[in-house]
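Summary of the model geometry
Take a look at the letters that make up each chain.
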Amino acid sequence: MHYPTSAPLMALMAPTALIALSLTACGPSTSEPPSQPEPPPTYEVPAHPTYTEHIAPMMDLHCTTCHVQGSIAPFPLETYDEVSTLAGFSLASMHAGTMPPWPPGPGCGDFQQPRVMLPEEIETFQLWFDQGRPQGPPVDSTDDGHQETHDELTPDLTLDWGFEYQPRPAPGSLDDYRCFIVDPGLTEDAFVNSIETRPGNPLQVHHLIAYTVPDEAFDDVDALLAEDDRPGYECFGSPRYDGAQMFAGWVPGQVRQPLQEGHGVKIPAGAKVAIQMHYTTLNDPDGSDRTEVDLFFVDRDEHPDPVEMVLLQLAALDLFIDAGDPDSLTTIDSPLIPISMRVHGIAAHMHMLGTSIRADALLPDEEICLIDIPRWDFGWQGIYLYEEPILLQRPFRTRLTCRWDNSPSNQPPGQTPQDVTWGDESSDEMCLIMLIVERPEGL
Ligand code: HEC
């Protein structure tokens, strides 16, 4: 199916990718994921908050999925001393809205498992800080405050590239983007309903995206592997071959997020898988990693005809960012899309100069905000599932709004601003959303 593309260009790419997701919190590497408790719907600010009664439970709910010893966050927030020492710093990050990390802004998209604090919780932390950080009544020492409920799930398949990899960033950088190729050996199509990622080295794994490799691309992938003198191959921004279909994504702290029952993203029989790893060497420059991804398929006995989910990419390809421009803006409407879609989730993608991205659906008599990320952070790319799928009735358009900062102060070390256009390289940019939809009729 083809859509007219005209300048300004907006491409609606055919189901390039699928999706599915879920995952584990970033705790100590080997443990099962703790499930994220729901924040209380209402919260009363206590007059005299104490650490043991009020602050420790708050840290458990919002911070220690990541801020535990041996994980990607730069320091633990598990004991009175740790939290008390870093209280001012923590408070500042809560007020600034940078911690806990949750890129989507308020008022757009009713997403599952939002990682946000209530204003009353921040007020409680502030009060505790202002009143001298009282410790409060002692707790039972056998209770470390962590709520660990374990999912007893047996995966249908585990993706494992099979060796320890030592990340090696390019000079002047702390990041290494590597793709590893795995052959899952599927003899029939599988539909991925959820995944669980077990980072081998949680100090280094910043995010992961898994893509299918169709057999037409096997030669290209072999060439990429042969050209690279280290294990796997370098793959910033995209896996660098045609026909890549995303089917899973994970960022630290992401909790289990299955698609609806009987819904899944297809991995065709015979396809290989590319696992794109984003490593940071900030916390562990000499360490190595071997991450495993457990896949959970739709049970074909219970659901002989799974609902196939596909991932549609909407991209503003015609972007031009002037060298030096501190606030370059691109707003592009798609052509009229003549099919209805049921949207279950969304992901957004830009590169390093991006500052914000927003997508709206323009229906004949209403506009629906699909996602709004007011402070783009390349390190915190997530896949967001809606509480309720959104039905986009045909015909509709989508509007993408992206902003970039290409000023001298926002460049990689030692570099000066250049004019920037669309592309895969880290010095190029993108303005892209991916909608996770039930495969529309006729597509
Ligand atoms: C999803 C994982 C995650 C959660 C949840 C989380 N943090 Fe962080 N935190 C990080 C990481 C990773 C960093 C290092 C900087 C980065 O990569 O963004 C960080 C950095 C920080 C910093 C350093 C300053 C900054 O803003 O970068 C502070 C302070 C902080 N976190 C406090 C907290 C507090 C307080 C909470 C709970 C209210 C919390 N964090 C929840 C992962 C997390």
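For the structure, check the block above.
Okay, so let's go over this structure. The shown structure was predicted, so the numbers you read here are calculated from the model rather than taken from an experiment.

Close contacts around the ligand come from 23 residues, with Cys63, Cys66, His67, Met99 and Trp380 the closest. His67 has a polar side-chain atom sitting 2.7 Å from a nitrogen atom of the ligand. At 3.2 Å from an oxygen atom of the ligand is found a side-chain nitrogen or oxygen belonging to Trp380. The element that contributes the greatest number of residues to the shell around the ligand is helix α3 (residues 87-96), accounting for four residues. Grouping the amino acids of the shell around the ligand by side-chain chemistry returns 14 nonpolar, eight polar and one charged.

The subject of this paragraph is the packing of helix α1 (residues 51-62) against helix α4 (residues 119-130). Running from N to C, α1 and α4 point in directions that differ by 135 degrees, and their axes come no closer than 11 Å. Relative to α4, the element α1 lies oblique. Both α1 and α4 take part in a crossing whose hand is left-handed. Across the interface between the two elements, Tyr51, His54, Ile55, Met58, Met59, Leu61 and His62 from α1 touch Glu121, Thr124, Phe125 and Trp128 from α4. Looking at the contact of α1 with α4 residue by residue, the classes come out as seven nonpolar, three polar and one charged.

Let us look at the sheet that holds strand β15 (residues 354-362). Ordered in space as β13-β18-β15-β16, the four strands form an open sheet in which the pairing is antiparallel. Strand pairing shows two members of the sheet lacking a second neighbour, β13 (328-333) and β16 (367-373), which therefore form its edges. When strand polarity is set aside, the average angle formed by the axes of neighbouring strands in this sheet is 10 degrees. Across six bridges, the pairing between β15 and β16 is antiparallel. Its bridge partner lying in β16, Arg358 is registered against Asp372.

Of the voids in this model, the second largest pocket is the one considered here, and its volume is about 570 Å³. Lining the second largest pocket are 34 residues; nearest its centre among them are Tyr211, Gly237, Ser238, Pro239 and Gln313. Of all the secondary-structure elements, those providing two or more residues to the lining of the second largest pocket are β1 (11-17), β5 (205-213), β7 (245-250), β14 (341-349) and β20 (432-438). Looking at the lining of the second largest pocket element by element, the count peaks at four residues for β5. For the lining of the second largest pocket, the class distribution of residues is 20 nonpolar, 11 polar and three charged. The residues that make up the lining of the second largest pocket include at least three from each of domain 2 (157-307) and domain 3 (309-438).

Rules used throughout
Residues numbered from 1 in each chain as written. Predicted model: local features only at pLDDT ≥ 70, side-chain atom pairs only at ≥ 80, totals over all residues. Heavy atoms only, no water. Near = heavy atom within 4 Å. Polar contact = N/O pair within 3.5 Å; in protein donor to acceptor, adjacent residues only side chain to side chain. Helix = DSSP H or I, 4+ residues; strand = E, 2+ residues; numbered from the N terminus. Nonpolar A, V, L, I, M, F, W, Y, C, P; charged D, E, K, R; others polar. Axes fitted to C-alpha atoms, helices over the stretch in contact; angles between N-to-C directions. Parallel < 35°, antiparallel > 145°, perpendicular 65-115°, else oblique. Left-handed = near helix turned anticlockwise from the far one by under 90°. Contact = heavy atoms within 4.5 Å. Pairing = 2+ DSSP bridges. 1 Å grid on protein atoms, 1.4 Å probe; cavity = no way out; pocket = protein on both sides within 12 Å on 5 of 7 lines; lining within 4 Å. Points joined across faces, edges and corners; volume = space filled by probe spheres on them. Domains from an automatic or database assignment.

Purely geometric numbers; function is a separate question.
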